[in-house]
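Commentary on secondary and tertiary structure
Chain residues, written in single-letter form:
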Amino acid sequence: MPGKKFYITTPIYYVNDQPHIGHAYTTIAADVVARYKRQRGHDVFFLTGVDEHGQKVQEAAKKRNVPPKQHCDELCVRFKDLWRALHISNDYFIRTTDEAHKDAVRSALQKLHDKGEIYKGSYEGWYCLPDERFWMEKDLVDGNCPECGRKVEHIKEYNYFFKMGSRKDWLVEHIRSHPDFIQPESRRNEVLGFLLSKDLGDLCISRPKERLAWGIPLPFDEGYVTYVWFDALLNYASGVGYPSDEKQFRTRWPASFHLVGKDILTTHSVYWSTMLEALGLPLPESIFAHGWWTINGRKMSKSLQNVVEPNQLVDEFGAEPIRYFLLREVPFGLDGDFSRHALIGRINSDLANNLGNLFSRALQMIMKFSGGEVPAPGAAGEGDAELKSIAGGIVEGLNAQYQVLAFSKILASIWHLVDFSNKYIVVNEPWSLAKSDEKRARLNTVLYNVAESLRITAVLIYPFMPQTAGRMLDQLGLKTDASGVDPGSLKEWGGLPSGLKVNLGDALFPRIDEKRAKKILAGAEPAALPDQATEEKDRITIEDFMKVDLRAGVIREAERIEKSKKLLKLKVDIGSETRQVCAGIAESYAPEDLLGKKIILVANLQPAKLMGIESQGMVLAASAGDRIILAGFNGGEVGPGWKVK
Ligand code: ME8
């Protein structure tokens, strides 16, 4: 019997240019969720595709001197190829030039027109050509588009409008009564704020053909084509059969998740929701708007020559480290900064060192001390219960973490298991146990437990790194495919059969040595310029410096400060007391990721009030542009209150 249905989508990307790292980000995230849900036995449908109509695409085709359809055919292949290279497991790839999609758009338009939801009216206003949006005079910033800052044109013309404005109260009520409808919560509040602060106008859904030819003609007036957003949003319905294949549509709809970037949250939460309501269709369960990747603190753009090409990254690093990095580095929902430097750091420490070394070490020990076979475990000993409980804890919390797309946290918790397994080996010293026959039973238990922990790790990382998971299970001697193992089954420790023949194979993740790293970084994105270091005349003496009381602290609590984008309120344990500190790090850190983090506090600053909240000290951090990284300690057990000098 098919499992519970689960339908997830990405935005359909414009084919006006090559795919870049931002497109890869959303698609990888959707892929991870789709793979997880399939593992859990859900009947998954994962849709992605391309947005091919409208001004942007028409202009791009013109620039290349090819007809728009030919341009789309060529560009669309690049997206498809990239998804293959990144191991994306979409069930369907939709193009808005597909006949079925065009029919769906025309059918929806006709239906709304027949119901009196679409009317013709005159429009006078300012039009941003690149964004394809009308603006009111009052919205303009210095006479330019408030969204992209580019020039706008004054336009007066007749157009067709969809009655969106009258649905404002209904939409506010829907958002309020469905807490998961817009995620994360900060974005939900933003949309509510936007809706409550102004009137919601009707939506202009047509463009006169003489101004824009590349679009779907309106079924009731061939002199116009459909506005690209009205066309594009309907892909989520047409991609699952609307309206011609009612049976498929009824099984799949509504979507469980629309994943989008924060740039297109309004179109999804306001335009799409009201369109669905007018069509008499249920709304999606959740729209999740993730954050924005910058490159060394700057917007990605062709003119800055800092566009990160995912194909090049795949060639340099392989697909799986990229999938891991993008979802581990920054909590989904927050903005992040991409750099090859950070990517190499994660590959070398998390992947090559922590996971890769643990895996090869474990297999080598099974080879050496157990004849290459996973031994049968004996009685439990010291540390075993903790290892099992860490694994069990991850599995227990997994569904809830996936429900809020907490990828970074999920990976951090899996790596906690990896780190503990490494520690478990160090503490139990299998090489010493192997020296005495009496300790054989304990040796077997330790080797078995490490192997079982690695099997669990493989199943858990499968959604993120499917090929690595497959290699791990294969090297552990299992013939099972990780995609077919329900993570729920991992709750029971001991699923790994003993007697399996392990095989060594190549390292999971080769370390990137200094020479290679240098070569990669030489051609990488330009570094952010740090502030100039102190001039000679501003230098201080050692006595001056010693006046600053720097202390190691542990963050015990962290929360956002209402109305502040930048500030977090922290409770920092410095041994003798707990300090309340306001830190301007909210754009770089999620509060939940700070708990337990060791930081450096300036402990003898005069208290100050920030946004009305007392701050009793200052946390040290490095910053360049918008990018902030907390200063901390490099290994070692530093206790709260230790003096830093
Ligand atoms: O907006 N960081 O297409 P688009 C993170 N066709 N994500 C990014 C990003 C960045 N720097 N840049 C792009 C469109 N994205 C419409 C969508 S849907 C019915 C129509 C990702 O090619 C992110 O998901 O401009 C963002 O929402 C999307 O690409 C925009 O892609």
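Before reading on, note that the structure itself is shown above.
My aim in this report is to walk through the structure given alongside it, one point at a time. Here the structure is a predicted model, which means the values were calculated and not measured. (Residues numbered from 1 in each chain as written. Predicted model: local features only at pLDDT ≥ 70, side-chain atom pairs only at ≥ 80, totals over all residues. Heavy atoms only, no water.)

**Focus on unusual backbone geometry**
Omega for the peptide link from Y242 to P243 comes to -10 degrees, which places this bond in the cis form. Mapping P243 onto the fold places it in the loop between α8 (235–238) and α9 (246–252). P254 follows W253 through a cis peptide bond whose omega is 5 degrees. For P254, the location among the structural elements is in the loop between α9 and β12 (257–261). Backbone geometry places N65, a non-glycine residue, at a positive phi of 65 degrees. The topology assignment puts N65 in the loop between α2 (55–64) and α3 (68–85). One non-glycine residue, H87, lies in the positive phi region at around 60 degrees. Classification of H87 as buried rests on a relative accessible area of 17%. (Helix = DSSP H or I, 4+ residues; strand = E, 2+ residues; numbered from the N terminus. Buried < 20%, exposed > 50% of the residue type's maximum accessible area, 1.4 Å probe, protein only.)

**Let's talk about the site of the ligand**
Around the ligand there are 23 residues in total, and I12, T26, D51, D263 and W293 lie nearest to it. The contact in question runs from a nitrogen atom of the ligand to an N or O atom on the side chain of D51, over 2.7 Å. With respect to the ligand, the side chain of D263 contributes an N or O atom lying 2.8 Å from an oxygen atom. Coverage of the ligand by the protein chains reaches 93% of its 670 Å² of free accessible surface. (Near = heavy atom within 4 Å. Polar contact = N/O pair within 3.5 Å; in protein donor to acceptor, adjacent residues only side chain to side chain. Areas by Shrake-Rupley, 256 points an atom, 1.4 Å probe, with all protein chains shown as cover.)

**Looking at the sheet that holds strand β13 (residues 287–290)**
Strand order in this open sheet of six strands is β3-β2-β1-β12-β13-β7, and the pairing throughout is parallel. Strands with a single pairing partner mark the edges of an open sheet, and in this sheet they are β3 (92–95) and β7 (182–183). Two elements, strand β1 (residues 5–14) and strand β2 (residues 43–51), share eight bridges in a ladder whose sense is parallel. Considered in β2, the bridge of T9 is made with L47. (Pairing = 2+ DSSP bridges.)

**Describing the nonpolar core**
Residues L327, F338, F407 and W415 are the most contacted members of the largest nonpolar core, which totals 114 residues. The greatest single-element share of this core, amounting to 14 residues, is contributed by helix α13 (residues 340–370). Not counting the four nearest positions on each side in its chain, W415 is found in contact with Y324, D350, L351, N354, L355, I461 and M465. If you look at the next biggest cluster of nonpolar residues, it comprises 58 residues, including Y7, L109, F249 and A278. (Core = buried A, V, L, I, M, F, W, Y, C linked by side-chain atoms within 4.5 Å. Contact = heavy atoms within 4.5 Å.)

Shape descriptors only; they carry no functional weight alone.
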